[in-house]
Amino acid sequence: MTEEKLVRMANQIATFFHSQHDADRAAQVARHLADFWEPRMRKDLFALIERSGAGLDPLVIEAAGRLRAEA
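Everything quoted here is computed from the prediction, not taken from an experiment.

Cut-offs and rules
Residues numbered from 1 in each chain as written. Predicted model: local features only at pLDDT ≥ 70, side-chain atom pairs only at ≥ 80, totals over all residues. Heavy atoms only, no water. Core = buried A, V, L, I, M, F, W, Y, C linked by side-chain atoms within 4.5 Å. Buried < 20%, exposed > 50% of the residue type's maximum accessible area, 1.4 Å probe, protein only. Helix = DSSP H or I, 4+ residues; strand = E, 2+ residues; numbered from the N terminus. Contact = heavy atoms within 4.5 Å. Expected span 1.5 Å × (residues − 1). Arc of directions from axis to C-beta. Polar contact = N/O pair within 3.5 Å; in protein donor to acceptor, adjacent residues only side chain to side chain.

Visitor: Just checking my understanding: could you explain the nonpolar core for this structure?
Guide: One broad rule of soluble globular proteins: the nonpolar side chains tend to lie buried together. With 21 residues, the main nonpolar core has Val29, Leu33, Trp37, Leu45 and Leu56 as its most contacted residues. Those elements that place two or more of their residues in this core are helix H1 (3-18), helix H2 (25-36), helix H3 (39-51) and helix H4 (58-70). Looking at this core, the element that brings in the most residues is H1, giving 6 residues. Apart from the residues within four sequence positions on either side, Leu56 is in contact with Val7, Ala10, Asn11, Leu45, Leu48, Ile49 and Ile61.

Visitor: Is there a simple way to explain H3 in this structure?
Guide: Along an α-helix, residues three or four apart share an orientation, since each turn contains 3.6 residues. Helix length check: H3 (13 residues) gives 18 Å between terminal C-alpha atoms against 18 Å at 1.5 Å per residue, within 8%. Inspection of H3 places Met41, Arg42, Leu45, Phe46 and Leu48 among the buried residues, and these make up the whole buried set. End-on, the buried residues of H3 take up no more than an arc of 160°, which puts them together on one face. Facing away from the buried side of H3 by over 90 degrees, the exposed positions are Pro39, Lys43, Glu50 and Arg51. Looking at the buried positions of H3, the neighbouring elements they touch are H1, H2 and H4.

Visitor: When you look at H4 in this model, what are you seeing that I'm missing?
Guide: For H4, with 13 residues, the first-to-last C-alpha span of 19 Å sits near the 18 Å given by 1.5 Å per residue. Residues Leu59, Val60, Ala63, Ala64 and Leu67 constitute the buried set of H4. Down the axis of H4, the sector holding all buried residues measures 130°, keeping them to one side. Structural note: H4 exposes Pro58 and Ala69 on the side pointing more than 90 degrees away from its buried face. In this structure, the buried residues of H4 make contact with H1, H2 and H3. N-capping of H4 is provided by Asp57, with a side-chain oxygen placed 2.7 Å from the backbone N of Leu59.

Visitor: What is the right way to look at the environment of His18 in this model?
Guide: Here His18 is to be found in helix H1. Between the C-alpha atoms of His18 and Val29, which are 11 residues apart in sequence, the distance is 9.5 Å. Setting aside its immediate chain neighbours within four residues, His18 contacts Arg25, Asp57 and Leu59.

By themselves, these observations are geometric and do not establish any function.
Next up, the structure:
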């Protein structure tokens, strides 16, 4: 998967959860990534964040940090 597509998909998830009224949106994004993204996609996301995180919604970056902490 291209980096551009990965960013677009991750940001679409964040956009959806931004509209939710739950206080912990990052946890919801993290749960979605854990439940629906295959390990290779999560690995690529983590690598992108380590390089720069360019283009990613801050909510995605926070959620990915939580996922890594849980792993």
